[in-house]
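# Commentary on secondary and tertiary structure
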Amino acid sequence: MAIRPFQLHRPDSLEEALALLDEHGDDASPIAGGTELLVALKARVLHYEHLVDLKRVRSLRGVSLDAAGGIVIGALSTHHELANDPLIREHLPAYATLSDNVANIRVRAAGTVGGNLCFAEPHADPPALLCALGASVLLEGRGRSRRVRMEDFITSDFTTEREDGELLTRIEVPRPASDRTFAYANVGHLERPAVGVAVGCRPHGGGYSYDVWVGAIAGRPVRLAAVEQALAHAPRADAATIARRTAEQAASELEAHDDIHGSADYKRHLAAVLVGRMVDQATRGQAKGNK
Ligand SMILES: Cc1cc2nc3c(=O)[nH]c(=O)nc-3n(C[C@H](O)[C@H](O)[C@H](O)COP(=O)(O)OP(=O)(O)OC[C@H]3O[C@@H](n4cnc5c(N)ncnc54)[C@H](O)[C@@H]3O)c2cc1C
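Right, let's walk through the structure included here. It should be emphasised that the depicted structure is a prediction, and the values quoted were computed from it without experimental measurement. (Residues numbered from 1 in each chain as written. Predicted model: local features only at pLDDT ≥ 70, side-chain atom pairs only at ≥ 80, totals over all residues. Heavy atoms only, no water.)

## Here we look at the packing of aromatic side chains
Between two aromatic rings, the relevant description is the distance of the centres plus the angle of the planes. Applied cut-off: Aromatic rings from Phe, Tyr and Trp, taking only the six-membered ring of Trp, are treated as a pair when their centres fall within 6.5 Å; an angle between ring planes under 30 degrees marks them as stacked, one over 60 as edge-to-face, and anything in between as tilted. Counting from the N terminus, the helices are DSSP H or I runs at least four residues long and the strands are E runs at least two residues long. Relative accessibility under 20% of the residue-type maximum defines a buried residue, over 50% an exposed one, and the middle range a partly exposed one, all with a 1.4 Å probe and only protein chains included.
Counted under the stated rule, the structure contains 2 aromatic pairs. A ring pair is formed by Phe119 and Phe158, whose centres lie 5.5 Å apart and whose planes are at 80°; its orientation type is edge-to-face. Of the two residues, Phe119 sits in helix H7 (residues 113-119) while Phe158 sits in the loop between strand E8 (154-156) and strand E9 (159-160), which places them 39 residues apart along the sequence. Ring geometry for Tyr208 against Tyr210: centres 6.5 Å apart, planes inclined by 70°, an arrangement best described as edge-to-face. Like Tyr210, Tyr208 is buried.

Given below as C-alpha cells:
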C-alpha cells in the first residue's frame, strides 16, 4: 500500500523541531530512522499530515560523559553506533553487546534508541537493561524539560509517558559503580525477542545483591523483586540455582499473553531459564572483574 501524502520538515535544530511539533500538534509526528514509523504509515495504521525529520538535529547525536561520569546517549544514536561506540564499549559493555544483537544490520544502521523507546513495541531489547542500569530519559518540549526514570517511561504496549510536543532528547545512565556487573540475553525465534532478561550484580555484605528485570514479555519491563530478595543472602556458588528456582515461581505470576512469539507459558518458562543464566553470567563477571 502506498503512503498517504505528507509534508516532510527537516529542521536543523532542536528548537526548530519543537516549534514545528507545537505548530502542527496532532497532525505532526517526529521521525528518526523510520524503521517502525514508515511501516505503520505504509500499512495505513497511522497517518500524519506533517513528519518532522530529526536526522539533521546534531544535538541529538553522540555519546558523552557528564560531569559525574554518567553516560549520556543522544536519542538519535543508532543501534549500530552504540554497539561500536568506545564509551559504551568501555563503560556499558553489556549494552554494546545488546545493541549489536538488535534485529539485523539494516535495522541497526537506521533504527535509533530514541525511536525504539518512544515506539514502545513490547518486543524490544533496550528497555529491560536500561531499567537495570538505573537510566532516565530526558523529555524536552518548547520551553520545558523533564526527566523520567526508564522504569516509569514505558507504561504499556506502544504507550509511554511522552506527551505531545515533547521529544526524547537523551538517555542518561548514572556512572556504573566499578564493582557492578551486568548481563543481558534474549530468546526469540522471529526477528524480535520473545523474552529478554537483564541482571545487575554488585558485592554487598559479604555476598552480592542483584537487580533482575524481565523485558518483552509484558507491555513494560518487570522487576522480579522476589528473585532479588531470595538472592540477597545466597552464597555465590548457589546464586544461579536459587535464581532459577525462585524465578520459576515469580515468572508464573507474570502477566503474559499468547502471541506469534510463543504461548504465555512458554515465555514464562524462557524468563525463568534466562534469569538463572543471567544471574550466573553476572556473578561470573564479578569474578573476572567485567563491568
Ligand atoms: C525487522 C525488525 C526487527 C527488529 N528487531 C528488533 C530487536 O530484535 N530488538 C529490538 O529491541 N528492536 C527491534 N526492532 C525495533 C527497532 O529497534 C526499532 O525499529 C528502531 O529502534 C526504531 O527507531 P527509529 O529511529 O527507526 O524509529 P522511527 O520509526 O523513526 O520512530 C518510531 C516512533 O518513535 C517516535 N520517535 C522517534 N524518535 C523520537 C524522539 N527522539 N523523540 C520522540 N519520539 C520519537 C516516532 O515518532 C515514532 O512514533 C526491530 C525492527 C524491525 C523493523
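## A closer look at the state of the cysteines
Between two cysteines, a covalent bond joining their sulfur atoms is known as a disulfide. We count it as follows: Counting rule for disulfides: a pair of cysteine sulfur atoms within 2.5 Å.
Summed over the entire model, instances satisfying the criterion amount to 0 disulfides. Distance from the sulfur of Cys118, which forms no disulfide, to the nearest cysteine sulfur (Cys131) is 14 Å. Lacking any disulfide linkage, Cys201 is separated from the closest cysteine sulfur, that of Cys131, by 18 Å.

## Re the environment of Arg108
Definition in use: In what follows, a contact means two residues having at least one pair of non-hydrogen atoms within 4.5 Å. Polar contacts here mean pairs of N or O atoms no more than 3.5 Å apart (in protein, one a potential hydrogen donor and the other a potential acceptor; neighbouring residues in sequence count only if both atoms are side-chain atoms).
Tracing the chain through its elements places Arg108 in helix H6 (residues 105-110). Of the residues examined, Arg108 reaches a relative accessible area of 14% and is grouped as buried. Along the backbone, Arg108 and Glu81 are 27 residues apart, and their C-alpha atoms lie at a distance of 8.3 Å. In this structure, Arg108 is in contact with Thr78, His79, His80, Ser99, Asp100, Asn101, Val102 and Ala103, ignoring residues within four places of it in sequence. At a separation of 3.5 Å, a polar atom in the side chain of Arg108 contacts the main-chain carbonyl oxygen of Asp100.

## Description of the sheet that holds strand E2 (residues 28-31)
Test applied: Two strands are said to pair when DSSP picks up at least two bridges between them. Angles shown run from 0 to 180 degrees and are taken between the N-to-C directions of axes, each axis being a line fitted to C-alpha atoms and, for helices, limited to the stretch in contact.
With respect to topology, 3 strands assemble into an open sheet ordered E1-E3-E2, the strand pairing being parallel. The outermost strands of the open sheet, each flanked by one partner alone, are strand E1 (7-9) and E2. On average, each strand axis in the sheet is inclined to that of its neighbour by 25°, with strand direction left out of account. By the bridge criterion, 3 bridges tie E1 to strand E3 (residues 50-53) in an arrangement that is parallel. Paired with His9 across the bridge in E3 is Val52.

## What about helix H5 (residues 93-100)?
Side chains three or four residues apart in an α-helix point the same way, a direct result of the helix having 3.6 residues per turn. Every buried residue of H5 is listed here: Ala94, Tyr95, Ala96, Leu98 and Ser99. Against helix H3 (79-84), helix H4 (86-91), H6, H7, helix H8 (126-132) and strand E11 (181-187) lie the buried residues of H5.

## Quick look at the environment of Ser99
As for its position among the elements, Ser99 is in helix H5. A sequence separation of 14 residues divides Ser99 from Val113, and the C-alpha atoms of the two residues are 9.0 Å apart. In this structure Ser99 touches His79, Leu82, Ala83 and Arg108, once residues within four positions along its chain are discounted.

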